[in-house]
Amino acid sequence: MLGLGSKNIGIDLGTANTLVYVDGKGIVTHEPSVVAKNSQTDEIIAVGEEARAMIGRTPANINAIRPMKDGVIADYDTTAAMLKYFMDKALGGKSNHPQVMICVPSGVTEVEKRAVIDAAKVAGAKEAFVIEEPYAAAIGAGLPVMDPTGSMVVDIGGGTTDVATISLGGIVSSRSIRMAGDKIDEAIITYIRQNFSLLIGERTAEDIKIQIGSASIEKAKDIDAMTIRGRDLLSGLPKTIDVSATDVASAINEIVLAIIDAIKETLEETSPEIAADVIDHGIVLTGGGAMLKNLPEVISDATKVPVFIAQDPLDCVAIGTGESLKNIDVLKKH
Ligand code: ADP
Ligand code: MG
């Protein structure tokens, strides 16, 4: 038996955002996966939203670090410290050594998986179990994962796009590519630098993506241009320019096409029965990247399958991870 007040928690440890789900309560924290540290002493100055506000604005003695990269841990100690902060915050500061279910992208190595489990334990978990992200996303999106019918989910986060077909409680085929929100932001930064000799930061690039980014170059014509500020590479001075949505759509198209290829390859690998189920029920998009304008239409045109965005796409993985806490006792027997 668990002690009084000892709650199990589910964690969506994402490249961009970390969400904590507390058993019986639901999602209690949702913050950027960012840590600000003193570069001399390594002391943590801020975590989450507060640290994110510092990105690109830190003086020499402060580093704003994103400890997760491409869906996996890039900086182990910082990830463990960040997890501890979010877990304590979610549980109201009471360090009661919860059991933790935490997600990893499909297709990560055993070493990468072990690093996530160990980081959760260092952060205070009594025991930690992993669940594959697309499976959790499918549960959170309300797909009938346990039924003898094929479902397809595409989770587009900051670091990875995870594509999976699921049936009878398991993943049938999957792909994880390191092409998602961050790569789109990088493509925008490169495009603006090469075409306008203007240097912009990652926060500005993300704003451009969210406001005028479009998965369809053609439909970008209907979106207004955006005025942006950065630093002129030649003069070194601040400069303001207008960028058109069509140009931004062209700049990010390579990533959109890579996501479509991953979906097509995953579909090709499935049995005819599952492919037929997916055609009937459609593909469900989750993760923040699902909100890129015109994405469902573009994927649907390329695959000839209906495409839907899940309700609350940013929350699906955390909800699915939280719901699978129910199975923690079963997992412990293995
Ligand atoms: P992760 O699971 O990797 O932490 P999330 O699922 O939280 O990622 O999604 C974060 C990504 O979604 C970021 O790259 C962010 O810029 C992107 N994003 C958020 N809102 C939008 C939007 N409206 N349009 C396009 N991308 C978005
Ligand atoms: Mg995610």
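The rules behind each value
- Residues numbered from 1 in each chain as written.
- Chains lettered and ligands numbered in written order.
- Predicted model: local features only at pLDDT ≥ 70, side-chain atom pairs only at ≥ 80, totals over all residues.
- Heavy atoms only, no water.
- Helix = DSSP H or I, 4+ residues; strand = E, 2+ residues; numbered from the N terminus.
- Rg over C-alpha atoms; globule rule 2.2 N^0.38 Å.
- Buried < 20%, exposed > 50% of the residue type's maximum accessible area, 1.4 Å probe, protein only.
- Contact = heavy atoms within 4.5 Å.
- Areas by Shrake-Rupley, 256 points an atom, 1.4 Å probe, with all protein chains shown as cover.
- Salt bridge = Lys/Arg side-chain N within 4 Å of Asp/Glu carboxyl O.
- Near = heavy atom within 4 Å.
- Polar contact = N/O pair within 3.5 Å; in protein donor to acceptor, adjacent residues only side chain to side chain.
- Nonpolar A, V, L, I, M, F, W, Y, C, P; charged D, E, K, R; others polar.
- Pairing = 2+ DSSP bridges.
- Axes fitted to C-alpha atoms, helices over the stretch in contact; angles between N-to-C directions.
- Parallel < 35°, antiparallel > 145°, perpendicular 65-115°, else oblique.
- Left-handed = near helix turned anticlockwise from the far one by under 90°.
- Core = buried A, V, L, I, M, F, W, Y, C linked by side-chain atoms within 4.5 Å.
- Patch = residues over 30% accessible without salt bridge, like charges linked within 9 Å, V, L, I, M, F, W, Y side chains within 5 Å.

A. The overall build of the chain, seen in detail. Of regular secondary structure, the chain possesses 11 helices and 18 strands. Expected size for 334 residues packed as a compact globule is a radius of gyration near 20 Å; at 21 Å, the chain falls within 12% of this value. For the chain, the proportion of its 334 residues judged to be buried stands at 51%. In the chain, the share of contacts with a sequence separation of at least 24, taken over all contacts with a separation of at least 6, comes to 62%. When the accessible area of the chain is evaluated, it comes to approximately 15,300 Å², of which 51% is carbon and sulfur surface.

B. Molecular detail of the pattern of salt bridges. Summed over the entire model, instances satisfying the criterion amount to 13 salt bridges. Across the pair Glu-112 and Arg-178 runs a salt bridge whose closest N-O atoms are separated by 3.8 Å. Of this pair, Glu-112 sits in helix α3 (residues 110–122) while Arg-178 sits in the loop between β13 (170–177) and α5 (181–196), placing them 66 residues apart in sequence. Across the salt bridge formed by Glu-269 and Arg-175, the nearest N and O atoms sit 3.0 Å from each other. Placement of the pair is Glu-269 in helix α7 (residues 245–269) and Arg-175 in strand β13, with a sequence separation of 94 residues. For Glu-269, a relative accessible area of 46% translates into the label partly exposed.

C. Structural context of the site of ligand 1. Within the structure, ligand 1 sits among 17 residues, and Ala-16, Asn-17, Gly-158, Glu-206 and Lys-209 are positioned closest to it. A distance of 3.3 Å separates an oxygen atom of ligand 1 from a polar atom in the backbone of Thr-15. Protein coverage of the free-state accessible area of ligand 1, which is 580 Å², stands at 89%. A per-class count over the shell around ligand 1 returns 5 nonpolar, 10 polar and 2 charged.

D. Representation of the sheet that holds strand β1 (residues 9–13) in the model. Spatially, the 5 strands line up as an open sheet ordered β3-β2-β1-β9-β10, and their pairing is mixed. Lying at the two open borders of the sheet, with one neighbouring strand each, are β3 (26–32) and β10 (127–132). Sheet twist, expressed as the average angle between the axes of neighbouring strands with direction ignored, equals 20°. Here strand β9 (residues 99–104) pairs with β10 via 6 bridges, running parallel. Opposite Cys-103, over in β10, you have Ile-131 as the bridge partner. On the sheet, helix α2 (residues 76–90) packs against β1, β2 (17–22), β3 and β9 and is oriented at approximately 140° with respect to β3. Together, β1, β9 and β10 form the strand contacts of helix α4 (residues 133–140), whose direction differs from that of β10 by roughly 80°.

E. Representation of the environment of Ala-249 in the model. In this fold, Ala-249 is placed in helix α7. Those residues in contact with Ala-249, other than ones at most four positions away along the chain, are Ser-214, Ser-216, Ile-217 and Ala-220.

F. Representation of the pairing of strand β11 (residues 151–156) in the model. The buried fraction of β11 amounts to 6 of the 6 residues, a majority that puts the element mostly inside the structure. Looking at chain direction, β11 and strand β12 (residues 161–167) are connected through 6 bridges and run antiparallel. Residue pairing across strands places Val-154 opposite Val-163, the latter belonging to β12. Taking the residues that link successive antiparallel strands as the turn, the β11-β12 hairpin has 4 residues.

G. Just the packing of α5 against α7, in detail. Remark: α5 packs on α7, axes separated minimally by 9 Å, with the N-to-C direction vectors making an angle of 135°. Between α5 and α7, the crossing angle belongs to the class labelled oblique. Along this stretch, α5 crosses α7, giving a crossing that reads as right-handed. Seen from α5, the contacting residues are Lys-183, Ile-184, Ala-187, Ile-188 and Tyr-191; seen from α7, they are Asp-247, Val-248, Ala-251, Ile-252 and Ile-255.

H. Layout of α4. Burial analysis of α4 places 8 of its 8 residues in the buried class, the great majority of the element. Here α4 has its buried residues at Glu-133, Pro-134, Tyr-135, Ala-136, Ala-137, Ala-138, Ile-139 and Gly-140.

I. Examining the nonpolar core more closely. Core analysis: the largest hydrophobic core is formed by 48 residues, its most contacted members being Ile-188, Ile-192, Ile-200, Ile-208, Ile-228, Ile-263 and Ile-283. Setting aside anything within four residues of it in sequence, one finds Ile-192 in contact with Ser-197, Leu-198, Ile-200, Ile-208, Ile-228, Ile-241 and Val-243. Residues Ile-9, Val-22, Ile-73 and Ala-123 belong to the second largest nonpolar core, which totals 29 residues.

J. Main features of unusual backbone geometry. In the Ramachandran plot, Leu-168 falls in the positive-phi region, its phi being about 50° despite a non-glycine side chain. Tracing the chain through its elements places Leu-168 in the loop between β12 and β13.

K. A look at a nonpolar patch on the surface. Taken together, Leu-199, Leu-233 and Leu-234 make up a surface patch of nonpolar side chains, about 290 Å² in accessible area. Locating Leu-233 in the fold gives a position in the loop between β15 (226–232) and β16 (238–243). Residue class for Leu-233 comes out partly exposed when judged on its relative accessible area of 41%.

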